[in-house]
Amino acid sequence: MSISTHDWEQRVADLWAAFDDHGPADFLAAMTALTAELPAGDPVASFELASAYDATDHEEEAAPRYREALAAGLTGPRRRQAVIQLASTVRNLGRPDEGVALLTAEREAESDELDDAVAAFLALALVDAGREREAVALALSALSRHLPMYNRSLERYAGELAGGAGH
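Bear in mind the structure is a predicted one, so any value in this text is a computation, not a measurement.

Draft legend 1. Region of interest: the environment of Ala62. Along the chain, Ala62 falls in helix H4 (residues 59-71). A relative accessible area of 0% means that Ala62 is categorised as buried. Separated by 79 residues in sequence, Ala62 and Ser141 have C-alpha atoms that sit 30 Å apart. Excluding anything up to four places from it in sequence, Ala62 contacts Ala50, Tyr53 and Asp54.

Put into structure tokens, the structure is as follows:
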């Protein structure tokens, strides 16, 4: 990109930090202007614009831009964020099974600090797909890693729920 990457990233971060100071149309206009500074087809631009559409309740416009970003080779933390956000978006658009498929594949693909976010959004998609027991088991399993005690018990109960056994 011909502009300073650091400068551009800072301006994007500043815009997100000021999200609540903008109306939806103004925020979208500002993000559209920022992303237009990057070359056409840039995966980061597609991701940031998708995120802006998503954050302003324009899921129909967000979904194809997330797909563009991923298809164009989005990398780093934004890649995983794009998968999470796309899965959430398609769930909100009434396609929870697509969200389940995306997030199930993502859980198997890598592990990082977003693992619990993947689990949380997968649990939401599972609920919408009519798989509530599996959703609760997943959420409890993720939660069990953060508790000061009862970790093993909660993990065991989560496994029982996921396996269909009640307790």
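There's plenty left to go through after this.
Draft legend 2. Local environment of the packing of aromatic side chains. Applying the stated criterion across every chain yields a total of four aromatic pairs. Judged by centre distance (4.8 Å) and plane angle (75°), the rings of Phe19 and Phe27 are edge-to-face. Since its relative accessible area comes to 25%, Phe19 is described here as partly exposed. Linked through ring pairs, Trp16, Phe19 and Phe27 together constitute an aromatic cluster.

Draft legend 3. Summary view of the nonpolar core. Counting 23 residues, the largest nonpolar core has Trp8, Met31, Phe47, Tyr66 and Leu74 as its most contacted members. If you list the elements that add at least two residues to this core, you get helix H1 (5-17), helix H2 (24-35), helix H3 (43-55), H4 and helix H5 (76-92). The element that contributes the greatest number of residues to this core is H3, accounting for seven residues. Membership of the second largest hydrophobic core comes to 14 residues, among which are Ala119, Leu122, Ala123 and Ala125.

Draft legend 4. Region of interest: H2. Taking 1.5 Å of rise per residue, the 12 residues of H2 would be expected to cover 16 Å, and the 16 Å separating its terminal C-alpha atoms lies within 8% of that figure. Along H2, the residues that are buried comprise Phe27, Leu28, Met31, Leu34 and Thr35. Down the axis of H2, the buried set is contained in an arc of 125°. They therefore lie on one face. Exposed side of H2, more than 90 degrees from the buried face: Ala25 and Asp26 are the residues found there. Turning to H2, the residues buried within the fold contact H1 and H3.

Draft legend 5. The arrangement of the packing of H4 against H5 in detail. With their axes 9 Å apart at the nearest point, H4 and H5 run at an angle of 150° to one another. Two packed elements cross with a definite hand, and for H4 against H5 that hand is left-handed. Together, Glu59, Ala63, Tyr66, Arg67 and Leu70 of H4 and Arg79, Ala82, Val83, Gln85, Leu86, Thr89, Val90 and Asn92 of H5 make up the contact between the two elements. A class-by-class count of the residues in the contact of H4 with H5 yields seven nonpolar, three polar and three charged.

About the criteria used
The residue numbers shown here count from 1 along each chain, following its written sequence. Where local features are concerned, this predicted model is filtered to residues with pLDDT of at least 70; where side-chain atom pairs are given and counted, the filter is 80 or more; whole-chain, interface and lining totals use all residues. Excluded from the side-chain calculations are hydrogens and water; all other atoms, namely the structure's heavy atoms, are used. Numbering goes from the N terminus for both helices and strands, where a helix is a DSSP run of H or I of at least four residues and a strand is a run of E of at least two. Partly exposed residues are those whose accessible area sits between 20% and 50% of the maximum for their type, while under 20% is buried and over 50% is exposed, using a 1.4 Å probe and protein chains only. In this analysis, two residues are considered to be in contact whenever any of their non-hydrogen atoms come within 4.5 Å of each other. Two aromatic rings, drawn from Phe, Tyr or Trp (for Trp, its six-membered ring), form a pair once their centres lie within 6.5 Å of each other, and the interplanar angle then sorts them: stacked below 30 degrees, edge-to-face above 60, tilted otherwise. Residues grouped as a nonpolar core are buried Ala, Val, Leu, Ile, Met, Phe, Trp, Tyr and Cys residues, joined through side-chain atoms within 4.5 Å. Here, expected helix span is obtained from the residue count minus one, scaled by 1.5 Å. When we speak of the arc, we mean the arc of directions from the helix axis to the C-beta atoms. Angles shown run from 0 to 180 degrees and are taken between the N-to-C directions of axes, each axis being a line fitted to C-alpha atoms and, for helices, limited to the stretch in contact. A crossing counts as left-handed when the near helix is turned anticlockwise from the far one by less than a right angle, and as right-handed when that turn is clockwise. Each residue receives one of three labels: charged for Asp, Glu, Lys and Arg, nonpolar for Ala, Val, Leu, Ile, Met, Phe, Trp, Tyr, Cys and Pro, and polar for the others, Gly being one of them.

Keep in mind these numbers describe shape, not what the thing actually does.
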